[in-house]
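# Notes for the structure review
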Amino acid sequence: MRLLILSTYEHTGGAAIAASRLLHALQGQGVEATMLCRRNIRVGWLRCLCPPLARALEKQSWTSIAERAVIWASNGFTKKDLWATDIALFGQDITTTREYREADAVLIHWVNQGFLSLSTIEKIARSGKRVVWTMHDEWPLEGVEHYTSPTSPVAATSSATPTSPTSSIATIHPTNPINNLLTQWVLRRKAEIYRSGRISFVTCSEWLKNISEKKTLAEGLRIVSIPNPIDSRLFAPLTEGQRKEAAKTLGLPQGKKLVLFVAQKVDDERKGIRYLDEAVKILTGNQGNPENPAVPDSPDYPDKPENPKISEIPGDFAIIAPGRDIPYITNVEDMARLYACVDVFVTPSLSDNLPNTIMEAMSCGTPCVGFDVGGIPEMIDHKENGYVARYKDAQDLAEGIRYVIAKENHARLSRAARNKVMLCYSEEAVASKYLTEINREIGGVVPEKYRETKGFMPETDRGKGGLGETGNKEKSGRKEC
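Quantities reported herein were computed from a predicted structural model and do not represent experimental measurements. (Residues numbered from 1 in each chain as written. Predicted model: local features only at pLDDT ≥ 70, side-chain atom pairs only at ≥ 80, totals over all residues. Heavy atoms only, no water.)

### A look at the overall build of the chain
Scanning the chain from N- to C-terminus turns up 17 helices and 12 strands. By sequence separation, contacts in the chain at least 24 residues apart represent 68% of the contacts at least 6 residues apart. Accessible surface, the chain: about 21,500 Å² in total, of which carbon and sulfur atoms supply 51%. (Helix = DSSP H or I, 4+ residues; strand = E, 2+ residues; numbered from the N terminus. Contact = heavy atoms within 4.5 Å. Areas by Shrake-Rupley, 256 points an atom, 1.4 Å probe, with all protein chains shown as cover.)

Shown next, in the form of structure tokens:
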């Protein structure tokens, strides 16, 4: 069986990273799989004439520029919410490629911004090939919006308290007659496509699955929840000696409790760094205005500072945000070492599906603190492998940091974080779930090694911080994945 994965990008953004990791996971299980991404503009000689324009163009395709122009015009020629919607009117026809023709099954991931048009998706759906669409947001079952629903769960997990029912930045609605027409057209086209083909949908979190099942377009569709995979050999704990060496190489302060924050855009409002900054003020006893904490300015891809300055908190803490406090890290090996060097990873995101960053940190044995929103409480088990803070509550976020780094808690939380990843998110565990889903629909016989088993436990990485005694569900009280 040959599988084809479709993703707009190969490495840019969480959805692309998840798609690439799934490709690696499937190939690691002996499956013949490949991935196609959007063909971007070839700038060639323009690099010499106008380097800035060349750099901007080579990150886009002509189809993405055409689509964004239509959205810009329909929004009244304003850049507001320009990237919040997609109409899939323009795209590249991948059905003519050899990779598509030879594929038995197609795994669609995030394919917006001019990669696949609705017409191409319809061709794929009508082809007779098995099609599985992994949802990284709500767009596949919505009109033009990527996020339209409240981002907090119905109820908090474990002993965490209930969260705010809505997010001020989660809902984006059409604001003029043209946008209304576009939304209705996209909804009708999607309904036609889903009636004509055999597409099943995969959500990366139970939170998104619950939201998706309530949507009008979801009627009669199969929706299952399968998490993203992670390479637990690359993202793995370090020994004490390795940590000291890595910390020195990365320029991290010594003798401090290190608190890490990571985002592609540090000042992205949805990533919530202002709540982390407010939590820092609370930890230091220097509280500002919790209703309107300041958000630092940062370019999308900042140049590496010659003498980066760590945001040190008086006492035993130091906040580290790549792109703000230390140079922006693009090397995945260095990122894995950074996760393994810090004491706690904080993700104050205001809306998220199943963040790769939490998975990466936990795989490195680093406990996480995050708000009770989206799929985050599915990953962080409150006070078992991390801390789930009340939504938009900087005070509780600060309490979570205190709890995780406390000497009596940290080692236990660290072991449990690694165990959770090995149980639920390892490449073998996730690949087996995808293969089960694909073979279920095409009528193939699922090999014994890929049959989903309750409580499936992959083999651990010996010598790299694998499962210890707490890996036993009965002893640790760990939930089923």
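Structure's up, so let's keep going.
### So, empty space enclosed by the protein
A probe matching the size of a water molecule, rolled over the atoms, marks out where space remains unfilled. With the rule as written, the count across this model stands at 2 cavities of 30 Å³ or more. By volume, the largest cavity amounts to about 50 Å³. In terms of lining, the largest cavity is formed by His 109, Trp 110, Val 111, Asn 112, Trp 133, Thr 134, Met 135, His 136, Asp 137, Trp 139 and Pro 140. (1 Å grid on protein atoms, 1.4 Å probe; cavity = no way out; pocket = protein on both sides within 12 Å on 5 of 7 lines; lining within 4 Å. Points joined across faces, edges and corners; volume = space filled by probe spheres on them.)

### Structural notes on the packing of aromatic side chains
For any pair of aromatic rings, the description rests on two quantities: the centre-to-centre distance and the angle between the ring planes. Evaluation of the coordinates by the stated rule reveals 10 aromatic pairs. Connected via pairs of aromatic rings, a cluster forms that spans Trp 133, Trp 139, Tyr 194 and Phe 201. One residue, Lys 129, lies across the ring of Tyr 100, its end atom 4.9 Å from the ring centre. We note Lys 190 situated over the ring of Trp 139; from NZ or CZ to the ring centre the distance is 3.5 Å. (Phe/Tyr/Trp six-rings, centres within 6.5 Å; stacked < 30°, edge-to-face > 60°. Lys NZ or Arg CZ within 6 Å of the ring centre and 35° of its normal.)

### Digging into helix H6 (residues 118-126)
Buried within H6 we find Leu 118, Thr 120, Ile 121, Glu 122, Ile 124 and Ala 125. Residues of H6 that are buried in the fold lie against strand E1 (2-6), helix H5 (98-102), strand E3 (105-108), strand E4 (130-135), helix H7 (177-196) and strand E5 (199-203). Phi turns positive one or two residues past the end of H6, at Gly 128, with a value near 90 degrees. (Buried < 20%, exposed > 50% of the residue type's maximum accessible area, 1.4 Å probe, protein only.)

### As for the pattern of salt bridges
Using the criterion set out here, one finds 25 salt bridges in the structure. Among the salt bridges present, the one from Arg 189 reaches Glu 122, with a minimum N-O distance of 3.0 Å. Pair noted here: Arg 189 is in helix H7 and Glu 122 is in helix H6, with a separation of 67 residues, a long-range link. Classification of Glu 122 as buried rests on a relative accessible area of 16%. Three or more residues are tied together by salt bridges with common partners; here these are Arg 2, Glu 32, Arg 98, Glu 99 and Glu 102. (Salt bridge = Lys/Arg side-chain N within 4 Å of Asp/Glu carboxyl O.)

### Some words on the packing of helix H14 (residues 394-405) against helix H15 (residues 407-424)
Interaxial distance between H14 and H15 falls to 5 Å at its minimum, and their mutual angle equals 80 degrees. Judged on the interaxial angle alone, H15 and H14 are roughly perpendicular. Between H14, through Tyr 403, Val 404 and Ile 405, and H15, the contact on the second element is made entirely by Lys 407, Asn 409, His 410, Arg 412 and Leu 413. When its residues are assigned to classes, the contact of H14 with H15 shows 4 nonpolar, 2 polar and 2 charged. (Axes fitted to C-alpha atoms, helices over the stretch in contact; angles between N-to-C directions. Parallel < 35°, antiparallel > 145°, perpendicular 65-115°, else oblique. Nonpolar A, V, L, I, M, F, W, Y, C, P; charged D, E, K, R; others polar.)

### Details of the nonpolar core
Grouped together as the largest cluster of nonpolar side chains are 68 residues, with contacts concentrated most on Leu 260, Leu 338, Tyr 339 and Ile 401. Ignoring sequence-local partners within four residues, the contact set of Ile 401 consists of Val 259, Leu 276, Leu 283, Phe 317, Val 344, Val 346 and Val 369. One finds Ala 103, Trp 133, Leu 141 and Leu 182 within the second-largest nonpolar core, a separate group that totals 39 residues. (Core = buried A, V, L, I, M, F, W, Y, C linked by side-chain atoms within 4.5 Å.)

### A look at the pairing of strand E2 (residues 32-36)
With 5 bridges joining them, E1 and E2 adopt parallel strand pairing. For Leu 3, the partnering residue across the bridge sits in E2 and is Ala 33. Where the polypeptide runs from E1 across helix H1 (residues 14-28) and back to E2, its parallel neighbour, the crossover connection is right-handed. (Pairing = 2+ DSSP bridges. Right-handed = clockwise from strand over helix to strand, strands pointing away.)

### Things to note about the environment of Gly 114
Within the secondary structure, Gly 114 is located in the loop between E3 and H6. Expressed as a C-alpha distance, the spacing of Gly 114 and Arg 68, which sit 46 residues apart in the sequence, is 8.6 Å. Once residues within four sequence positions are removed from consideration, Gly 114 is found in contact with Arg 38, Ser 61, Thr 63, Ser 64, Phe 90, Gly 91 and Gln 92.

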